[in-house]
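Descriptive structure summary
Next come the chains, spelled out residue by residue.
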Amino acid sequence: MRRLLFLLAGLAVISLIAMGPGSGGLQPANGAAMAGKTIKIGVDLPMSGGEAPNGEPTNNAVLLAIDEANKAGGYKGMMFEEVLKDDAVNGVHDPAQGAKNVQELLADSAVVGIMGNFNSNVGKATIPITNAAGVVQISPSQTNPGLTKPEFGALDVRKAHPTQINYFRVCPTDDLQGPVAADYAFKKLKLKKVAILDDQETYGKGIADEFAREFGKLGGTVVSRDGIPKGTQDFHAILTAIKAKAPDLLFFGGVTTTGGGLIRKQMKDVGLTIPYEGGDGIVEDEFLKVAGDDANGSYGTVAAENAEKLPTAKGFLAAYKAKYKSDPGAYSANGYVAAKIIIDAVKAVGPDRAKVRAWVANLKNYKSIIGTFSFDKNGDTTNKIVSVYTVKNGKWEWLDQINFTL
Amino acid sequence: MDWNLLVLQLINGLTLGAIYAVIALGYTMVYGIIELINFAHGDVYTAGSFVALATLTLLGATRHMAAAALAFALIVTFLAAMLIMGATGVVIERFAYRPLRGRQRLAPLLTAIGVSFSLENILQLWMGPSPVPFPQVLPNPFFNLGAVGVGQMQLVVIFSSIVMMLALHFFVQGTKLGKAMRATAQDWMAAEIMGIDINKTIALTFFIGSVLAGAGGVITGLYYGNVWFINGFRAGLIAFTAAVLGGIGNTTGAALGGFVIGFVEVMTAQYVGFQWAEVTIFSVLILVLIFRPTGLLGQQLPERT
């Protein structure tokens with residue numbers, strides 16, 4: 001018994017040292033770090049598993065931004081360097097792993113800011129940590145509104161410093177993405193009855209909620225709403241149940257690996273031949289691989305403009321293709337911009353965590369390859385463009401984009 | 001009540017249950033003979049899909065092959081997956097479980113979890129961390145029979161599973177080797193005294209269980225058109241539940257348990273809400289364990305010292 005108590009006490013001490021705010025690892029970079037040769041940018045993305053096709057092209061773009069900054073001389077002779085962490089466990093993004101990664105990144109005093117993460121539920125776990133430490137975190141792709149907007153519960157993730165914004169994102173949120181998907185289905189595709197499935201994760205459930213709200217507002221009917229148990233492979237039963245309700249659209253909130261691809265594939269197995277729509281979680285090559293020939297005719301939204309259509313992104317696209325011999329991913333341009341903001345902040349105020357955060361929080365009319373934008377009082381971009389894609393001949397093709405920028 | 005819909009869902013439940021049943025058989029046979037929950041079994045099933053995928057790719061099988069060539073390719077694929085998985089099962093037993101036989105139960109249980117992780121990681125290294133498309137060599141048209149309908153692959157899954165279950169039943173009940181297995185399960189010491197080579201018999205049990213899992217892997221690969229190294233985890237957990245539900249150690253019970261869970265899952269999807277599927281499955285398990293701790297068809301195992 002006594003030994004157990006000692007053990008527990010020991011664990012408590014260790015966890016206090018590891019997690020307590022103000023402990024050694026979380027001090028802002030100061031003079032000592034300045035003397036070092038490199039300025040580090042922490043990156044946390046899903047780099048392995050079914051989501052590597054998301055993480056890799058985003059990370060490539062970050063590396064490109066760092067390369068360019070170093071070729072231009074770095075900051076006062078100091079070079080920028082990436083510290084990459086993978087938050088996928090067994091092939092799926094994992095909030096606990098993300099939190100652990102971010103703590104490790106923060107423990108390195110040379111890390112001035114963090115670019116990431118990719119998935120919204122990972123952000124729910126990591127933002128409280130970076131918020132407590134007062135370190136800037138910029139995401140290319142997390143679209144759940146609850147990460148920034150107080151009316152969606154964002155104050156819960158920034159309890160330590162509710163008014164000091166440290167988390168920013170360069171993509172618009174699902175309270176825009178969901179409605180765009182609903183608008184497109186209802187107005188352009190003239191579909192009036194929808195069945196909704198979601199993967200019960202932060203992102204999937206969130207975008208499905210926003211879709212349902214807007215679809216109802218437009219006068220459409222939501223005939224069914226179900227969640228998917230984690231790891232499900234067989235969707236025949238739920239698709240049969242959905243078919244019996246005779247919807248003319250199936251909307252899926254989630255990502256390919258949580259069911260997005262298999263559902264599309266199995267719709268045909270039960271004779272359900274209606275259009276299929278999802279959020280940015282399915283607009284990726286992985287979806288095409290999993291759904292195979294059945295992917296054709298699917299629709300998806302992406303909370304970003306199509307970089308190929310932007311005159312400002314031409315240089316970036318050329319550089320990316322030259323370096324990696326492949327096309328960038330849906331969030332590559334955003335990843336590049338997120339990393340570039342941190343680099344520009346360091347160039348403006350030096351490698352100091354507090355100053356970098358303050359500089360980013362006051363970012364106004366920032367000229368980037370994805371357009372000129374500012375961060376609002378919650379850390380959201382004022383650049384609000386959502387694109388709609390469809391699968392044609394086994395490839396995602398850009399259809400339309402809707403601009404909410406005021 | 002929409003009766004047509006109920007029939008459709010019963011077909012879905014039968015298909016899903018047949019898959020769970022085939023995997024559950026492997027769990028229950030191993031438990032019956034050495035009282036080990038072989039957590040690696042779900043991953044053996046997924047490995048079966050991977051071997052099938054590799055074989056079909058090697059043979060260059062496509063849907064547009066001549067029927068005879070396709071039939072040949074499928075037979076080779078089934079044989080390869082079943083034999084390789086059977087051998088894998090024997091190797092796992094020989095090197096991971098046999099050295100621990102007779103030790104306290106926790107040791108082989110932890111080893112089983114370790115073997116499960118090892119298999120998953122081997123599969124991940126082999127075919128990569130993403131889901132891999134499985135060649136769709138069999139067309140899967142949906143037959144609309146008026147108000148109800150059935151997919152062709154569903155018929156294949158149900159039919160082949162039932163054939164496997166019957167074959168196992170006749171093997172265990174009707175052959176000398178089956179009799180040796182039953183004797184070892186009842187009391188391995190007495191069986192050994194009677195001249196049964198229990199090492200061989202236990203290896204045979206692993207072989208047969210893994211052969212079934214391998215065949216199951218081929219069938220689901222063809223059915224879902226997709227394999228992922230992590231699939232065995234959920235499938236294994238649910239099949240294990242099916243085995244406990246039916247009465248662990250009892251092969252008929254495992255088959256019954258598999259079908260019961262398949263039906264519970266589809267009925268939940270239809271009438272309750274899909275997100276509750278696992279809640280209802282495990283609630284049924286808890287209820288059965290409270291009121292019938294030995295499972296639906298459970299056998300009373302003698303206490304061993």
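Bear in mind the structure is a predicted one, so any value in this text is a computation, not a measurement.

So, on to the sheet that holds strand E7 (residues 167-169) of chain A. All names here are of chain A. Reading across the sheet, the five strands line up as E2-E1-E5-E6-E7 and stay open at both edges, with parallel pairing between neighbours. Two strands lie at the open edges of the sheet, namely strand E2 (79-86) and E7, each paired on one side alone. Neighbour-to-neighbour, the strand axes of this sheet turn through a mean angle of 25°, independent of strand direction. Two strands pair when backbone bridges link them, and strand E5 (residues 111-116) and strand E6 (residues 136-139) are joined in this way by three bridges, in the parallel orientation. Note that in E6 the partner of Gly-113 across the bridge is Val-136. Sheet contacts for helix H3 (residues 52-71): strand E1 (38-45), E2 and E5; angle to E2, the most-contacted strand, approximately 165°. Relative to E6, helix H5 (residues 120-133) is tilted by about 160°, and along the sheet it contacts E1, E5, E6 and E7.

Glancing now at unusual backbone geometry. Residues and elements named next belong to chain A. Along the chain, Gly-116 connects to Asn-117 via a cis peptide bond; the corresponding omega equals 5°. On the secondary structure map, Asn-117 appears in the loop between E5 and H5. In the Ramachandran plot, Gln-200 falls in the positive-phi region, its phi being about 65° despite a non-glycine side chain. Of note, Gln-200 is situated in the loop between strand E8 (193-198) and helix H7 (202-217). With a relative accessible area of 40%, Gln-200 lands in the partly exposed category. The phi torsion at Asn-393 lies on the positive side, around 50°, for a residue other than glycine.

For the rest of this paragraph, the subject is the confidence of the model for chain B. Mean pLDDT over chain B works out to 91, with 97% of the residues at or above the 70 mark. With pTM at 0.81, the complex prediction returns an ipTM value of 0.89.

So, about the pattern of salt bridges. All told, the structure shown has 24 salt bridges over all chains when counted by the stated rule. Two residues, A:Lys149 and A:Asp175, come together in a salt bridge whose shortest N-O distance is 2.9 Å. Of the two residues, A:Lys149 sits in the loop between E6 and E7 while A:Asp175 sits in helix H6 (residues 174-188), which places them 26 residues apart along the sequence. Between B:Glu278 and B:Arg234 there is a salt bridge; the shortest N-O distance is 2.7 Å. Note that B:Glu278 is positioned in helix H11 (residues 277-291) and B:Arg234 in helix H9 (residues 231-246), a separation of 44 residues in sequence. Here B:Glu278 falls in the partly exposed class, since its relative accessible area comes to 24%. Because the salt bridges share partners, they merge into one network encompassing A:Asp198, A:Lys205, A:Asp209 and A:Arg225.

Each aromatic ring pair is described using two quantities: the centre-to-centre distance and the angle formed by the ring planes. Here the structure, examined in full by the defined rule, presents 19 aromatic pairs over all chains. Both rings, one in A:Tyr366 and one in A:Phe373, keep their centres 5.9 Å apart while their planes meet at 70°; by these two values the pair is edge-to-face. Taken as a pair, A:Tyr366 and A:Phe373 share a single burial class, namely buried. For B:Arg94, the ring lying beneath its charged end belongs to B:Phe95, and the centroid distance is 5.5 Å.

So, about empty space enclosed by the protein. A complete count under the given rule lists six cavities of 30 Å³ or more for this structure. In this model, the largest cavity occupies a volume close to 70 Å³. Looking at the largest cavity, the residues that line it are A:Lys265, A:Lys268, A:Asp269, A:Asp294, B:Arg63, B:Gln136, B:Asn140, B:Met153, B:Leu222, B:Tyr223 and B:Tyr224. Within the residue set of the lining of the largest cavity, elements represented by two or more residues are helix H9 (260-269) of chain A together with helix H8 (198-224) of chain B. Along the lines of polarity and charge, the residues of the lining of the largest cavity split into four nonpolar, two polar and five charged. Volume-wise, the second largest cavity comes out at about 50 Å³. Together, A:Gln233, B:Tyr45, B:Thr46, B:Ser49, B:Thr220, B:Gly221, B:Tyr224, B:Asn226, B:Val227 and B:Asn231 line the second largest cavity. Within the residue set of the lining of the second largest cavity, elements represented by two or more residues are helix H2 (41-59), H8 and strand E4 (226-227) of chain B. Split into classes, the residues belonging to the lining of the second largest cavity amount to three nonpolar, seven polar and no charged.

Attention now moves to the sheet that holds strand E11 (residues 276-278) of chain A. Residues and elements named next belong to chain A. If you trace the seven strands from one edge of the open sheet to the other, you get E9-E8-E10-E11-E12-E15-E16, paired in mixed fashion. This sheet does not close on itself; its edge strands, each paired only once, are strand E9 (221-227) and strand E16 (395-403). Neighbouring strand axes in the sheet, compared pairwise and without regard to direction, differ in orientation by 20° on average. Note that E11 and strand E12 (residues 298-302) share three bridges and pair parallel. Among the inter-strand pairings, Gly-278 is bridged to a residue of E12, identified as Gly-300.

Okay, the pairing of strand E3 (residues 148-151) of chain B next. Residues and elements named next belong to chain B. Across the two faces of E3 the burial is the same, with Val-148 and Val-150 and Gly-149 and Gly-151 all buried. Direction of pairing for strand E2 (residues 142-145) relative to E3: antiparallel, over a ladder of four bridges. Residue pairing in the sheet places Leu-145 in a bridge with Val-148 of E3.

A word on the environment of A:Gly42. Residue and element names in this part refer to chain A. Relative to the helices and strands, Gly-42 resides in strand E1. C-alpha of Gly-42 to C-alpha of Met-78: the two residues are 36 residues apart in sequence and 16 Å apart in space. Ignoring sequence-local partners within four residues, the contact set of Gly-42 consists of Val-83, Leu-105, Val-111, Gly-113, Ile-114 and Met-115.

A few words now on the packing of helix H1 (residues 3-34) of chain B against helix H10 (residues 251-272) of chain B. The angle between the axes and the distance between the axes are what describe a pair of packed helices. Residue and element names in this part refer to chain B. Closest axis-to-axis distance for the H1/H10 pair is 6 Å, and the angle between their directions is 140°. H10 is crossed by H1, and the crossing has right-handed handedness. In the contact of H1 with H10, the residues fall into 19 nonpolar, nine polar and one charged.

Another aspect to go through is the interface of chain A and chain B. How big an interface is tends to be stated in terms of accessible area lost as the parts join. The interface of chain A with chain B comprises 35 residues on the first partner and 32 residues on the second. Surface buried jointly by chain A and chain B totals about 2,800 Å² across both partners, of which 56% is contributed by carbon and sulfur atoms. Looking only at chain A, the three residues that lose the most surface to chain B are A:Asn90, A:Gln233 and A:Asp234, adding up to 20% of its buried area. Our count for the chain A to chain B interface comes out at nine residue pairs in polar contact (both at pLDDT 80 or more). Taken together, the elements giving at least two residues each to the side of chain A that touches chain B come down to E9, helix H8 (236-244), H9 and helix H10 (285-291) of chain A.

A:Leu239, A:Leu250, A:Ile263 and A:Ile341 are the most contacted members of the largest nonpolar core, which totals 166 residues. The greatest single-element share of this core, amounting to 14 residues, is contributed by H1(B). The residues contacting A:Leu239, other than those within four sequence positions of it, are A:Leu250, A:Ile263, A:Gln266, A:Met267, A:Val270 and A:Leu272. Counting 16 residues, the second largest nonpolar core, distinct from the first, contains A:Ala181, A:Ile196, A:Phe211 and A:Phe251.

Criteria and thresholds
Residues numbered from 1 in each chain as written. Chains lettered and ligands numbered in written order. Predicted model: local features only at pLDDT ≥ 70, side-chain atom pairs only at ≥ 80, totals over all residues. Heavy atoms only, no water. Pairing = 2+ DSSP bridges. Helix = DSSP H or I, 4+ residues; strand = E, 2+ residues; numbered from the N terminus. Axes fitted to C-alpha atoms, helices over the stretch in contact; angles between N-to-C directions. Contact = heavy atoms within 4.5 Å. Buried < 20%, exposed > 50% of the residue type's maximum accessible area, 1.4 Å probe, protein only. pLDDT = per-residue confidence, 0-100. Salt bridge = Lys/Arg side-chain N within 4 Å of Asp/Glu carboxyl O. Phe/Tyr/Trp six-rings, centres within 6.5 Å; stacked < 30°, edge-to-face > 60°. Lys NZ or Arg CZ within 6 Å of the ring centre and 35° of its normal. 1 Å grid on protein atoms, 1.4 Å probe; cavity = no way out; pocket = protein on both sides within 12 Å on 5 of 7 lines; lining within 4 Å. Points joined across faces, edges and corners; volume = space filled by probe spheres on them. Nonpolar A, V, L, I, M, F, W, Y, C, P; charged D, E, K, R; others polar. Left-handed = near helix turned anticlockwise from the far one by under 90°. Buried area = accessible area lost by both parts, 1.4 Å probe. Polar contact = N/O pair within 3.5 Å; in protein donor to acceptor, adjacent residues only side chain to side chain. Core = buried A, V, L, I, M, F, W, Y, C linked by side-chain atoms within 4.5 Å.

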